[in-house]
Amino acid sequence: PVMAGACPPDDALYEHAACGLLVAETDGLIRRANATICRWLGYEASELLGRVRVQDLLTVGGRLFHQTHINPILQLQGSVAEVQVEMRHRDKTRVPLLINIVRRRHGDTSFAEFALLIAEDRRAYERELLAARKTAEAALEARHGAEAKLSALNEQLSLADRRKDEFIATLSHELRNPLAPMHSALEVMKLKSSGYAALEPVLPVFERQLNHMTHLVDDLMEISRITQGRMELRCAP
């Protein structure tokens, strides 16, 4: 509920509305004008009421447009919405206005009710909206471009990682293949080394290095299994 006195009276709401308000007879003669439109046009209400027609406040082009378009549409459908015209200020400057008109009957008489807004404010607001929209679209486009580049880069990195894993797997297998015959050759040489004093100090070195290489290749193969998800854990004491 609204408390008594919390809202201004109806006359104050009409007089100081955020838009200009006019009431005119069907021929355009002004019968009521709020303080807002009077301030915008530089007139006192007493100078307009019963003395001036709405079309008299329009520019020459505005009067022609009123006669050829606004008035016929108003007679046909009883309303006109968001038509931009220019009215003349008392100092002869032009005031761009956006008007809405509704024709209503009060008793036996029809009146045209006008609501007018300063069009410059609307154009500035629309320009701000358009600039904000362009900024947002540019940011969104840049984001999509960055996401596309990131996706392509991730794909390249994934491909390089797969190729690296494939290379390690191939390398470990290729290195492991000659180790088995080398171990076999070492065992044969150990059996035949008796009587060959020159081989006795060499074979242990050969065996240690061969075992070391075998462990390195085994580790390399374990890395390959890990990257390919084929790692097996064998638990033992």
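Residues numbered from 1 in each chain as written. Predicted model: local features only at pLDDT ≥ 70, side-chain atom pairs only at ≥ 80, totals over all residues. Heavy atoms only, no water.

Novice: Explanation requested: helix H7 (residues 202-227) in the structure shown.
Specialist: Helical periodicity: at 3.6 residues per turn, an α-helix aligns residues three or four positions apart in one direction. Look at H7: 38 Å from first C-alpha to last across 26 residues, which is about the 38 Å you get at 1.5 Å a residue. Turning to H7, its buried residues number three or more, namely Leu 203, Leu 210, Thr 214, Val 217, Met 221 and Ser 224. Once H7 ends, the next one or two residues include Gly 229, with phi positive near 75°. (Helix = DSSP H or I, 4+ residues; strand = E, 2+ residues; numbered from the N terminus. Expected span 1.5 Å × (residues − 1). Buried < 20%, exposed > 50% of the residue type's maximum accessible area, 1.4 Å probe, protein only.)

Novice: It is not clear to me how empty space enclosed by the protein should be interpreted in this structure. Could you clarify?
Specialist: Overall, the coordinates contain 1 cavity of 30 Å³ or more when judged by the stated rule. The computed volume of the largest cavity comes to approximately 40 Å³. Of all the secondary-structure elements, those providing two or more residues to the lining of the largest cavity are helix H4 (60-77), strand S3 (79-88), strand S4 (94-106) and strand S5 (109-118). Its residues assigned to classes, the lining of the largest cavity comprises 9 nonpolar, 1 polar and no charged. (1 Å grid on protein atoms, 1.4 Å probe; cavity = no way out; pocket = protein on both sides within 12 Å on 5 of 7 lines; lining within 4 Å. Points joined across faces, edges and corners; volume = space filled by probe spheres on them. Nonpolar A, V, L, I, M, F, W, Y, C, P; charged D, E, K, R; others polar.)

Novice: What am I meant to see in unusual backbone geometry here?
Specialist: Glycine aside, a negative phi is what most residues show, and trans is what most peptide bonds show. Unlike most non-glycine residues, Glu 82 shows phi in positive territory, near 50°. Relative to the helices and strands, Glu 82 is located in strand S3. The residue Lys 92 is not glycine, and still its phi comes out positive at about 80°. Of note, Lys 92 is situated in the loop between S3 and S4.

Novice: I'm lost on the side chain of His 66 in this one. Help?
Specialist: Looking at where His 66 falls in the secondary structure, it is placed in helix H4. Once residues lying within four places of it in the same chain are set aside, the contact partners of His 66 are Gln 55, Leu 58, Asn 71 and Pro 72. (Contact = heavy atoms within 4.5 Å.)

Novice: Sorry, what's going on with the environment of Ala 236 here?
Specialist: Relative to the helices and strands, Ala 236 resides in the segment after H7. On the accessibility criterion, Ala 236 (65% relative accessible area) is exposed. Each C-alpha atom, one on Ala 236 and one on Ala 112, is 99 Å from the other, the two residues being 124 residues apart in sequence.

Novice: Would you mind showing me how to read a nonpolar patch on the surface here?
Specialist: A grouping of Leu 150, Leu 153 and Leu 157 is seen on the molecular surface, where their side chains present a nonpolar patch of about 280 Å² in accessible area. Secondary-structure assignment places Leu 157 in helix H5 (residues 119-176). (Patch = residues over 30% accessible without salt bridge, like charges linked within 9 Å, V, L, I, M, F, W, Y side chains within 5 Å. Areas by Shrake-Rupley, 256 points an atom, 1.4 Å probe, with all protein chains shown as cover. Salt bridge = Lys/Arg side-chain N within 4 Å of Asp/Glu carboxyl O.)

Novice: What's the story with the state of the cysteines in this structure? I'm lost.
Specialist: Defined simply, a disulfide is a covalent bond joining two cysteines at their sulfur atoms. Scanning all chains against the criterion turns up 0 disulfides. Free cysteine: Cys 19, not disulfide-bonded; nearest cysteine sulfur from Cys 38 at 13 Å. (Disulfide = S-S within 2.5 Å.)

Novice: What exactly am I supposed to notice about the sheet that holds strand S1 (residues 20-25) here?
Specialist: Strands belonging to one sheet form pairs held by backbone hydrogen bonds; the direction of such a pair is parallel or antiparallel. Spatially, S2-S1-S5-S4-S3 is the arrangement adopted by the 5 strands of the open sheet, whose pairing is antiparallel. Two strands lie at the open edges of the sheet, namely strand S2 (30-33) and S3, each paired on one side alone. Looking at each pair of strands side by side, their axes are set apart by 30° on average, direction ignored. Both S1 and S5 contribute to a ladder of 6 bridges, which runs antiparallel. From the neighbouring strand, Leu 22 faces S5, where its bridge partner is Phe 114. Contacting S3, S4 and S5, H4 crosses the sheet at an angle of about 160° to S3. (Pairing = 2+ DSSP bridges. Axes fitted to C-alpha atoms, helices over the stretch in contact; angles between N-to-C directions.)

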